[in-house]
Amino acid sequence: MGEFQYAKRRKKAYREWRRTFVTLWLGCFMTGLGFSMTMPFLSLYIATLGHFSHWELNVYSGIAFAVTFLAQAIVSPYWGNLADRKGRKLMCLRASLVMTFTIFLTGLANSVWMIIALRLIQGAFSGYVNNATAFMAGETEHGRSGSVMANMMTASVTGNLIGPLIGGTLADLFGFRIPFFITGVMMGMVFLLTLFNTQEHFKANTAKVLKPMKEIFANLKNTNMIITMFCTTLMVQAALMSVAPIISLLVKDLMGNQGNVSFVSGVVAAMPGFGTLLIASRLGHQMDKTGPIKVLLAGLAFAGIIFIPMFFVTSPWPLAALRFLFGLANAAMLPAVQTILTISVPREAFGRIFSYNQSFQAAGGVIGPLLGSVVSGILGYQSVFLITACMLLFNFYLVFRIRKVSTE
């Protein structure tokens, strides 16, 4: 009888875990879908709000991208502390509800400064994907962390894959505002799904009960590895975002400002998603077998090399092919970092550790777009690819070095 009751409880617990996983996966998918329906075309949208020079358009686009991540970098530690006291579900609800309004209102903007202000507010309260990842990390056994983290990444990646194609089509047919309205409605659906369809096994803690982060870091086996992972998150995110503000403008130049620029920009923006989706699950299982550090090193090396030939492209289609290959490398980077963090820190500190990691990711989101905008404004769009390649290869060196030191 006891074994029967135990089996029954296990089955019920698995059903709850599965429902929570599927719901958070859908939430991350819809968040990624909405982001990629709107962001690749943000610079083109801004261009319709005034008469800007080439330099002004680059700078405004860079600021509009970066300001969200700047706000995230500043406030994420506060949200992480709150997550460890109140739970990660609350953080997912907070992020999805605020994004519902800020993204919808962006579609009503009548000036570039209104867009920047809304994206600043969005950044201060956003973070659904990171909090959903921390949510699942706390609900999952360590032996399955690699595959679960990789599967969580496929959610936003799948959304990022489909979004530019839908967004580009909608923008061509109805204008740049419609994708923002649709995304706002979707984030409202994410809020409701997360509210009613997820179960978090979390015991509320007070600030007095939580161990100070200084004590937690002091007890970690390899603090330098954790710090290196934070820096890796920053540099990988900067590499990902360095071309974000200028990708549609580059495609426009490569096409001679003729043809269906929005749709082709959407295809080019979506191509990394194809590569990531193709290999992410396999790499997740590989991380569980051989360890995430080897997968991370391979991804950084491959990504750094792939950015070099992007400097020489003269057509959007070779650029799309190279970005597909970059997507293969992308599947090996941030999920590996998240897996290393998951297996290296105590569960009671997940909220704060993942929030610190989000702060570094947000800092990369600030540095990347601004770097891309400034470099493209001075040296041309394609020079950004060479700068990004150097950044990733330097990151490879840092991770390789810390791995070598930690095994000696």
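Residues numbered from 1 in each chain as written. Predicted model: local features only at pLDDT ≥ 70, side-chain atom pairs only at ≥ 80, totals over all residues. Heavy atoms only, no water.

**Let's talk about the overall build of the protein**
The criterion, for reference: The secondary structure listing takes helices from DSSP runs of H or I that are at least 4 residues long and strands from runs of E that are at least 2 residues long, numbered from the N terminus. For the radius of gyration, the atom set is restricted to C-alpha positions; the globular benchmark scales as 2.2 Å times the number of residues to the power 0.38. Buried, partly exposed and exposed residues are distinguished by accessible area as a fraction of the type maximum, computed with a 1.4 Å probe on protein chains only: under 20%, between the cut-offs, and over 50%, respectively.
Scanning the protein from terminus to terminus reveals 17 helices and 0 strands. For 408 residues, the compact-globule estimate of 2.2 N^0.38 gives 22 Å, and the protein sits close to it at 21 Å. Counting only C-alpha atoms and orienting by the principal axes, one finds that the protein spans roughly 75 × 50 × 40 Å. Across the 408 residues that make up the protein, the buried fraction comes to 58%.

**Describing a nonpolar patch on the surface**
Using the following cut-off: Residues form patches when they are more than 30% accessible in relative terms and have no salt bridge. Like charges link within 9 Å. Nonpolar side chains (Val, Leu, Ile, Met, Phe, Trp, Tyr) link within 5 Å. Per-residue and other accessible areas were derived by the Shrake-Rupley procedure at a 1.4 Å probe size, with only the shown protein chains allowed to occlude residues. One speaks of a salt bridge when a side-chain nitrogen belonging to Lys or Arg is within 4 Å of a carboxyl oxygen belonging to Asp or Glu.
Together, Leu97, Phe101, Phe104, Leu105, Leu108, Met114, Val185 and Met189 give the surface a local cluster of nonpolar side chains, amounting to about 700 Å² of exposed area. Elements with a contribution of two residues or more to the nonpolar patch: α4 (88-106) and α8 (178-197). Tallying contributions element by element places α4 first for the nonpolar patch, with 4 residues. Looking at where Met189 falls in the secondary structure, it is placed in helix α8. What makes Met189 partly exposed here is its relative accessible area of 42%.

**Notes on the nonpolar core**
The line we're drawing: Among buried residues, the Ala, Val, Leu, Ile, Met, Phe, Trp, Tyr and Cys ones that are joined through side-chain atoms within 4.5 Å form a nonpolar core. Residue contacts are counted whenever heavy atoms from the two residues lie within 4.5 Å of one another.
Formed by 107 residues in total, the largest nonpolar core has its most connected members in Leu42, Tyr128, Leu296 and Leu319. With 9 residues, the single largest contributor to this core is helix α13 (residues 292-310). Setting aside residues no more than four positions away along its own chain, Tyr128 makes contact with Thr23, Leu24, Gly27, Cys28, Thr31, Cys92, Ala95, Ser96, Met99, Val190 and Thr194.

**Description of the packing of aromatic side chains**
Rules: Between rings of Phe, Tyr and Trp, where Trp is taken as its six-membered ring, a pair exists when centres lie within 6.5 Å; planes separated by under 30 degrees are stacked, by over 60 edge-to-face, and by other angles tilted.
Enumeration over the complete set of coordinates arrives at 14 aromatic pairs. Ring geometry for Phe52 and Tyr60: centres 5.2 Å apart, planes at 65 degrees, overall edge-to-face. Classification of Phe52 as partly exposed rests on a relative accessible area of 25%. On the basis of relative accessible area, Tyr60 is assigned to the buried category, the value being 19%. A ring pair is formed by Phe396 and Phe400, whose centres lie 6.1 Å apart and whose planes are at 20 degrees; its orientation type is stacked. You can see Phe396 and its partner Phe400 sitting in helix α17 (residues 383-407), 4 residues apart, about one turn around the helix. Phe396 sits in the partly exposed class, given a relative accessible area of 27%. Residue classification places Phe400 among the partly exposed positions, given a relative accessible area of 39%. An aromatic cluster of at least three residues, connected via ring pairs, comprises Phe52, Tyr60 and Trp113.

**Re α4**
We apply this condition: How far a helix is expected to stretch is found by multiplying one less than its residue total by 1.5 Å.
Taking 1.5 Å per residue as the helical rise, α4 with its 19 residues ought to reach 27 Å, and the 27 Å between its terminal C-alpha atoms agrees with that figure. When you tally the buried positions in α4, you get 14 out of 19 residues, the bulk of the element.

**Focus: the environment of Ala71**
Take Ala71: it is sitting in helix α3 (residues 54-86). Between the alpha carbons of Ala71 and Ser126 there is a distance of 9.3 Å; along the sequence they are 55 residues apart.

**Brief notes about the layout of surface pockets**
To keep things clear, this is the line we draw: Of the grid points, spaced at 1 Å and generated over the protein atoms alone, those admitting a 1.4 Å probe that cannot get out make up cavities, while open sets with protein on both sides within 12 Å along at least five of seven lines make up pockets; any residue with an atom within 4 Å of a point is treated as lining. Grid points are joined across faces, edges and corners, and a volume is the space filled by probe spheres set on the points.
A volume near 380 Å³ is recorded for the largest pocket. What lines the largest pocket is Arg10, Ala13, Tyr14, Trp17, Gly138, Glu139, Thr140, Glu141, Arg144 and His201. Those elements that place two or more of their residues in the lining of the largest pocket are α1 (2-38) and α6 (128-139). Examining the composition of the lining of the largest pocket, we find that 4 residues originate from one element, α1, more than from any other.

**Details of the side chain of Thr198**
Among the secondary structure elements, Thr198 is positioned in the loop between α8 and α9 (213-219). Thr198 gets classed as buried once you look at its relative accessible area, which sits at 6%. Residues contacting Thr198, with those up to four places away along its chain left out, are Thr20, Thr23, Leu24, Lys89, Phe135 and Leu193.

**Description of helix α11 (residues 247-254)**
Summarising burial for α11: 6 of the 8 residues are buried, a large majority. Along α11, the positions that sit buried rather than exposed are Ile247, Ser248, Leu249, Leu250, Val251 and Leu254. Phi for Gly256, located one or two positions after α11, is positive at around 65 degrees.

**Concerning a positive patch on the surface**
Note the threshold: Only four residue types enter the tally: Lys and Arg on the positive side, Asp and Glu on the negative side, with His and both chain ends excluded. The atom standing in for a charge is NZ when the residue is Lys, CZ when it is Arg, CG when it is Asp and CD when it is Glu.
On the surface, Lys8, Lys11, Lys12, Arg15 and Arg19 cluster together into a patch of positive charge. Locating Arg19 in the fold gives a position in helix α1.

**Looking at the environment of Phe302**
Counting through the fold element by element, Phe302 comes out in helix α13. As a C-alpha pair, Phe302 and Val148 span 154 residues in sequence and 23 Å in three-dimensional space. Other than its neighbours up to four places away in sequence, Phe302 contacts Leu325, Leu328 and Ala329.

**Observations concerning the packing of α3 against α4**
The criterion, for reference: Helix axes are fitted to C-alpha atoms over the stretch in contact, other axes to C-alpha atoms as well, and angles between N-to-C directions run from 0 to 180 degrees. We call two directions roughly parallel when the angle between them is under 35 degrees, roughly antiparallel when it is over 145, roughly perpendicular when it lies between 65 and 115, and oblique otherwise. Throughout, the ten residues Ala, Val, Leu, Ile, Met, Phe, Trp, Tyr, Cys and Pro are labelled nonpolar, Asp, Glu, Lys and Arg are labelled charged, and all others, Gly among them, are labelled polar.
With their axes 7 Å apart at the nearest point, α3 and α4 run at an angle of 130 degrees to one another. Considering the angle they form, α3 stands oblique to α4. For the pair formed by α3 and α4, the contact residues are Trp79, Leu82, Ala83, Asp84 and Lys86 on the first element and Arg88, Leu90, Met91 and Arg94 on the second. Looking at side-chain class alone, the contact of α3 with α4 contains 5 nonpolar, no polar and 4 charged residues.

**Quick notes on the packing of helix α7 (residues 145-174) against helix α12 (residues 261-290)**
Taken N-terminus to C-terminus, the directions of α7 and α12 make an angle of 170 degrees; their axes are 8 Å apart at the nearest point. Relative to α12, the element α7 is oriented roughly antiparallel.

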